[in-house]
Amino acid sequence: MSKIVLNEREVAEAAIATNKLGAKPGETLIRVAKYYAQVEGYKKKEIRRKLEDLLLKNDPRTLLMKWDDALDGIVKTSNKTPLIELDGVPITSNELQIIDSLPSKQLARLAFTLLCVAKYWYAVNEKNNMWVNTADRDIMAMANISASIKRQSELLHNLRELRLIQFSKRVDNLNVQVLFAEPHGSTTMMVTDFRNLGNQYMLRLGGSFIRCEQCGLVVRRKNNAHRYCTDCAAELHSRKSIESVSRKRDNKAVSFQPV
Ligand SMILES: [Zn+2]
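Residues numbered from 1 in each chain as written. Predicted model: local features only at pLDDT ≥ 70, side-chain atom pairs only at ≥ 80, totals over all residues.

### Quick notes on the overall build of the protein
Inference 1: When you go through the protein residue by residue, the secondary structure sums to 10 helices and seven strands.
Inference 2: Taking 2.2 N^0.38 as the reference for a compact globule, 259 residues should give roughly 18 Å; the C-alpha atoms of the protein span a radius of gyration of 23 Å, well beyond that estimate.
Inference 3: Dimensions along the principal axes, computed over C-alpha positions, put the protein at roughly 80 × 55 × 35 Å.
Inference 4: Among the 259 residues that make up the protein, the fraction classed as buried is 28%.
Inference 5: Across the protein, the fraction of contacts at a sequence separation of at least 24, relative to all contacts at a separation of at least 6, is 57%. (Helix = DSSP H or I, 4+ residues; strand = E, 2+ residues; numbered from the N terminus. Rg over C-alpha atoms; globule rule 2.2 N^0.38 Å. Buried ≥ 20, exposed ≤ 12 C-beta atoms within 10 Å, placed from the backbone. Contact = placed C-beta atoms within 7 Å.)

Here's what the structure looks like:
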């Protein structure tokens, strides 16, 4: 199951423009192939050649042989599902009211996450009818729930007892229909980021959470000065130390100038 992306066109265009495929090249190639097929109208043979070209530009050491089967599949399905281009997923006031009335914050985070994922797939295709088919661990990670497997299934059963969801369990994938999801209704919240949905719900309640000023990721607030997520803070820190080293070097150079 690939990561949820609101705008596949943006992902594809960025990959093509920069020749970078990111941490999951296979997932990016799926989007690039859809873009080539559906936006540019390329034939399968051309798409195949362009994907191989992109793989090599992304990493010249790539062994194309190893990608043979994967590329076959990616090219073959490039026209199967539409390229996803969404601005966000709308959440209605009724839906939020139901979630807010749940007995625990943990349960609310799970309900909110299931709702967002169900409405994403509904926005992609109405025939998905508010069903979610995503690995349990991915849902729990998006919901920022780190609980035992036993506790996780308790939470799901709670939601079912409240008649908010119904599910059939297939191997290790959740197959859940979100029964309180409204196809239409007055939008009170647009979800534009599917990372840390649980934290986003908590931020809305005014809890001790912040939205990273660099990348928008919502994380738990550590202190009043906290402004960036761990990754961005590390990146900014290393950039600052490089700057300060070069500044020191410049100062030295100045002080060694003959007077
Ligand atoms: Zn960040």
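### Side note on the nonpolar core
Where a protein is soluble and globular, its nonpolar side chains tend to be buried together.
Inference 1: Counting 38 residues, the largest nonpolar core has Ala111, Leu114, Leu115, Ala118 and Val178 as the members making the most contacts within it.
Inference 2: At the level of secondary structure, the elements contributing two or more residues to this core comprise strand E1 (89–92), helix H6 (105–124), helix H7 (136–142), helix H8 (149–161), strand E4 (173–178), helix H9 (197–204) and strand E7 (218–220).
Inference 3: Ranked by residues supplied to this core, first place goes to H6 with 12 residues.
Inference 4: Not counting residues within four places of it along the chain, the set of residues in contact with Val178 comprises Leu114, Leu115, Ala118, Met130, Val132 and Ile165. (Core = buried A, V, L, I, M, F, W, Y, C linked by C-beta atoms within 7 Å.)

### Comments concerning the domain arrangement of the protein
Inference 1: Each domain of the protein was delimited in the assignment, giving domain 1 (8–76), domain 2 (89–204) and domain 3 (210–248).
Inference 2: Centre-to-centre, using C-alpha coordinates, domain 1 lies 32 Å away from domain 3. (Domains from an automatic or database assignment.)

### Here we look at helix H1 (residues 8–18)
Inference 1: Taken together, the buried positions of H1 are Glu8, Val11, Ala12 and Ala15. Taken end-on, H1 shows its buried residues confined to a sector of 95°, consistent with a single buried face. Away from the buried face of H1 by more than 90 degrees, exposed residues Ala17 and Thr18 are located. (Arc of directions from axis to C-beta.)

### Description of the packing of helix H2 (residues 25–38) against helix H4 (residues 64–76)
Inference 1: Taken N-terminus to C-terminus, the directions of H2 and H4 make an angle of 35°; their axes are 9 Å apart at the nearest point. Seen along the crossing, H2 lies across H4 with a hand that is right-handed. Every residue of H4 that contacts H2 at Gly26, Leu29, Ile30 and Ala33 is listed here: Ala70, Ile74 and Val75.
Inference 2: Considering only residue class, the contact of H2 with H4 consists of six nonpolar, one polar and no charged. (Axes fitted to C-alpha atoms, helices over the stretch in contact; angles between N-to-C directions. Left-handed = near helix turned anticlockwise from the far one by under 90°. Nonpolar A, V, L, I, M, F, W, Y, C, P; charged D, E, K, R; others polar.)

### As for H4
Inference 1: End to end, H4 covers 17 Å across 13 residues, agreeing with the expected 18 Å (1.5 Å per residue, within 8%).
Inference 2: Taken as a whole, H4 carries its principal kink of about 40° at Ala70. (Expected span 1.5 Å × (residues − 1). Bend = angle between axes of the 7 residues up to and from the residue.)

### Remarks on the packing of H6 against H8
Inference 1: As a packed pair, H6 and H8 sit with axes 10 Å apart at the nearest point and diverge in direction by 75°. The orientation of H6 relative to H8 falls into the category roughly perpendicular. Residue-level inspection shows Gln106, Leu107, Leu110 and Ala111 of H6 in contact with H8, the latter providing Leu155, Asn158 and Leu159.
Inference 2: For the contact of H6 with H8, the per-class residue count stands at five nonpolar, two polar and no charged. (Parallel < 35°, antiparallel > 145°, perpendicular 65-115°, else oblique.)

### Comments concerning the environment of Arg204
Inference 1: Following the sequence through the fold, Arg204 ends up in helix H9.
Inference 2: On the basis of neighbour counts, which here come to 16 C-beta atoms within 10 Å, the residue Arg204 falls in the partly exposed class.
Inference 3: In this structure the C-alpha to C-alpha distance between Arg204 and Leu159, which are 45 residues apart in sequence, comes to 21 Å.

### Some thoughts on unusual backbone geometry
Note on backbone geometry: most residues besides glycine have negative phi, and most peptide bonds are trans.
Inference 1: Positive phi, normally seen in glycine, also occurs at Met130, with a value near 65°.
Inference 2: Turning to its location among the elements, Met130 is positioned in the loop between H6 and strand E2 (131–135).
Inference 3: With a phi angle near 55°, Asn144 is a residue other than glycine that sits in the positive phi range.
Inference 4: Considering the arrangement of structural elements, one finds Asn144 in the loop between H7 and H8.

### A few points about the confidence of the model for the protein
Inference 1: Averaged over all residues, the pLDDT of the protein is 91; the fraction at 70 or higher stands at 93%.
Inference 2: Taken element by element, the predicted model of the protein shows its lowest mean pLDDT in helix H10 (residues 230–255) (77) and its highest in helix H3 (residues 44–58) (98). (pLDDT = per-residue confidence, 0-100.)

### Side note on the environment of Thr187
Inference 1: Within the secondary structure, Thr187 is located in strand E5 (residues 187–191).
Inference 2: You can call Thr187 partly exposed: it has 13 C-beta atoms within 10 Å.
Inference 3: The contact partners of Thr187, leaving out residues within four places of it in the chain, are Pro90, Ile91 and Thr92.

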